[in-house]
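A structural walkthrough
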Amino acid sequence: MRQLIPEPPRSGEPELSTVYAYPRNARRWLRANLVASVDGLAQADGASRGLSGPADLRVLRTLRGLADVVLVGGATVRTEGYRRPVVAREEFAAARARDGQPPAAAIAVVSASLEVDFDSPLYTEAVTPTITVTVADAPADRLERARAAGEVLIAGPHGRVDLAEAVDRLVDSGRGRLLCEGGPKLLAAVAAVGRLDELCLSISPQLRAGDGLRLLDGPQFPAPIGLSLHTLLTDDGFLFARYLIT
Ligand SMILES: NC(=O)c1ccc[n+]([C@@H]2O[C@H](COP(=O)([O-])OP(=O)(O)OC[C@H]3O[C@@H](n4cnc5c(N)ncnc54)[C@H](OP(=O)(O)O)[C@@H]3O)[C@@H](O)[C@H]2O)c1
């Protein structure tokens, strides 16, 4: 991994935990981390695996290692096979303990339908209990299953989760270091309600064309959301851009 921007004071591998450290004094910091092809697709044959690579996975692991909660949309949980919780990693243990964080981030599944497998290891083997973020009129039997499986956060009366409320409630509960891993619908919705602070974009050295979801999938924003480039890293042909919302 090489740091291109800002120009590093000396050569050598950048320390990813330092490069991606959450701002110290922010009560809330919600960053998203997704991978896209150079032509902007966030899917390769229906999943993101074909876009990713070892360096991208290192960044993903680092971002998880720093976060309190990882937000994931219901469709991503279903299509990406999100069956595993975040594991506690030795390399982050000391910093997490120092910062009063549990040994691993909790995954928060955002789903109104609750078409989620509550018997999967994502729920049954989580070091930090998996959170289900849903709506008041979610199917009652599934809501009961969700409650038995972990923490449930109800945000919004019906249909779609009120993401502003969900994020604010996580922050109010002391979990302000948030990471959104998508998919594109969840990312667009989080950005639309003004809760996105940073985008960590892995640009995969591929062109794909064809159909598939772009990085954000939702109604056009009334005005573009401006970004400023904070950091740019490169490894194995990938670019890892850290953009702050302006
Ligand atoms: N390139 C990448 O880094 C990356 C990352 C993640 C995913 N992906 C790909 O993206 C695809 C899935 O993404 P997606 O955009 O279709 O879905 P998504 O963002 O993963 O999930 C959307 C789902 O979230 C739930 N939801 C509840 N309230 C919502 C709200 N207010 N706004 C938005 N969503 C809400 C709903 O779940 P229910 O239907 O359960 O109610 C909705 O169907 C997959 O192909 C996956 O492989 C790519």
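Here, every reference points to the structure presented above.
Predicted model, so just to flag it, every value in this text is computed and none were measured. (Residues numbered from 1 in each chain as written. Predicted model: local features only at pLDDT ≥ 70, side-chain atom pairs only at ≥ 80, totals over all residues. Heavy atoms only, no water.)

**Describing the overall build of the protein chain**
Test applied: Helix and strand assignments follow DSSP, with helices taken as H or I runs no shorter than four residues and strands as E runs no shorter than two, numbered in order from the N terminus. As defined in this context, the radius of gyration uses C-alpha atoms, and a globule is described by 2.2 Å times the residue total to the power 0.38. Buried means the residue's accessible area, taken with a 1.4 Å probe over protein chains only, is under 20% of the maximum for its type, while exposed means over 50%, and partly exposed covers the values in between. We call two residues in contact when some of their heavy atoms are within 4.5 Å. Using a 1.4 Å probe, the Shrake-Rupley method yields the accessible areas, and only the shown protein chains count as cover for residues. In summary, the charge assignment counts Lys and Arg as positive and Asp and Glu as negative, without counting His or the chain termini. Where a charge lies is defined by one atom per residue type: Lys uses NZ, Arg uses CZ, Asp uses CG and Glu uses CD.
Looking only at helices and strands, one finds eight helices and 10 strands in the protein chain. Compactness check: the protein chain gives a C-alpha radius of gyration of 17 Å against a globular reference of 18 Å for 246 residues, within 12% of the reference. With respect to the principal axes defined by its C-alpha atoms, the protein chain has extents near 55 × 45 × 30 Å. Within the protein chain, the fraction of its 246 residues that count as buried is 47%. Long-range contacts, defined as pairs at least 24 residues apart, comprise 70% of the intrachain contacts of the protein chain with a sequence gap of at least 6. Per element, the accessible surface of the protein chain, about 12,000 Å² overall, is 52% carbon and sulfur. Seen as two clouds, the 28 positive and the 30 negative side-chain charges of the protein chain have centres 2 Å apart.

**A word on the packing of aromatic side chains**
Here the distance between the centres and the angle between the planes together describe a pair of aromatic rings. The test is simple: Stacked, tilted and edge-to-face are the three classes assigned to paired rings of Phe, Tyr and Trp, where Trp is represented by its six-membered ring and a pair needs centres within 6.5 Å; plane angles under 30 degrees give stacked, over 60 edge-to-face, the rest tilted. Consider the ring centre and the ring normal. A charge sits over the ring if Lys NZ or Arg CZ is within 6 Å of that centre and within 35 degrees of that normal.
Applying the stated criterion to the full structure yields two aromatic pairs. Residues Phe238 and Phe240 carry aromatic rings whose centres are separated by 5.8 Å and whose planes lie at 5° to one another, so their mutual orientation is stacked. We note Arg31 situated over the ring of Tyr22; from NZ or CZ to the ring centre the distance is 4.2 Å.

**Looking at the site of the ligand**
How we decide: A single heavy atom is enough: if one lies within 4 Å of a molecule or strand, its residue is considered near that molecule or strand. Counted as a polar contact is a pair of N or O atoms within 3.5 Å, where, for protein atoms, one must be capable of donating a hydrogen and the other of accepting one, and residues adjacent in sequence contribute only when both atoms are in side chains. Polar here means any residue outside two lists: the nonpolar Ala, Val, Leu, Ile, Met, Phe, Trp, Tyr, Cys and Pro, and the charged Asp, Glu, Lys and Arg; Gly therefore counts as polar.
Not every one of the 29 residues close to the ligand is listed here, only the nearest: Val35, Gln43, Thr76, Glu80 and Ser111. Within the backbone of Val110, an N or O atom sits 3.4 Å from an oxygen atom of the ligand. Taken by itself the ligand offers 920 Å² of open surface, and the protein chains cover 90% of this. Those elements giving two or more residues to the shell around the ligand turn out to be β2 (29-37), α3 (74-79) and α8 (184-192). Considering every element that reaches the shell around the ligand, the biggest residue donor is α3, with five residues. For the shell around the ligand, a count of residues per class yields 13 nonpolar, 11 polar and five charged.

**Points about helix α2 (residues 54-66)**
Put simply, the rule is: To estimate the expected span of a helix, subtract one from its residue number and multiply by 1.5 Å.
Helix length check: α2 (13 residues) gives 19 Å between terminal C-alpha atoms against 18 Å at 1.5 Å per residue, within 8%. Along α2, the positions that sit buried rather than exposed are Ala55, Asp56, Val59, Thr62, Leu63, Arg64, Gly65 and Leu66.

**Side note on the nonpolar core**
Test applied: Buried Ala, Val, Leu, Ile, Met, Phe, Trp, Tyr and Cys residues form a nonpolar core when they are joined through side-chain atoms within 4.5 Å.
Membership of the largest hydrophobic core comes to 68 residues, with the highest contact counts inside it found for Tyr20 and Leu71. At six residues, the largest contribution of residues to this core is made by β2. Aside from chain neighbours lying at most four places away, what touches Tyr20 is Arg31, Val59, Leu63, Leu66, Cys200, Leu233, Phe240 and Arg242.

**So, the pattern of salt bridges**
Rules: Basic side-chain nitrogens of Lys or Arg form a salt bridge, by our definition, when they fall within 4 Å of a carboxyl oxygen of Asp or Glu.
Under the defined criterion, the tally for this structure stands at 18 salt bridges. Two residues, Glu125 and Arg84, come together in a salt bridge whose shortest N-O distance is 3.1 Å. Highlighted residues: Glu125 in the loop between α5 (121-124) and β5 (131-134) and Arg84 in the loop between α3 and α4 (90-98), separated in sequence by 41 residues. Its relative accessible area of 48% is what places Glu125 among the partly exposed residues. The residue Arg242 makes a salt bridge to Glu198 at a minimum N-O spacing of 2.6 Å. Placement of the pair is Arg242 in strand β10 (residues 238-245) and Glu198 in strand β8 (residues 198-204), with a sequence separation of 44 residues. For the pair Arg242 and Glu198, a shared accessibility class is recorded, and that class is buried. Sharing partners across several salt bridges, the network here consists of Arg24, Asp68, Arg98, Asp99 and Arg177.

**Considerations on the side chain of Arg64**
On the secondary structure map, Arg64 appears in helix α2. Polar side-chain contacts of Arg64 include one of 2.8 Å to the side chain of Glu181. Sequence-distant contacts of Arg64, that is, excluding residues within four places in its chain, are made with Val70, Tyr82, Val86, Arg96, Ala105, Ile107, Leu179 and Glu181.

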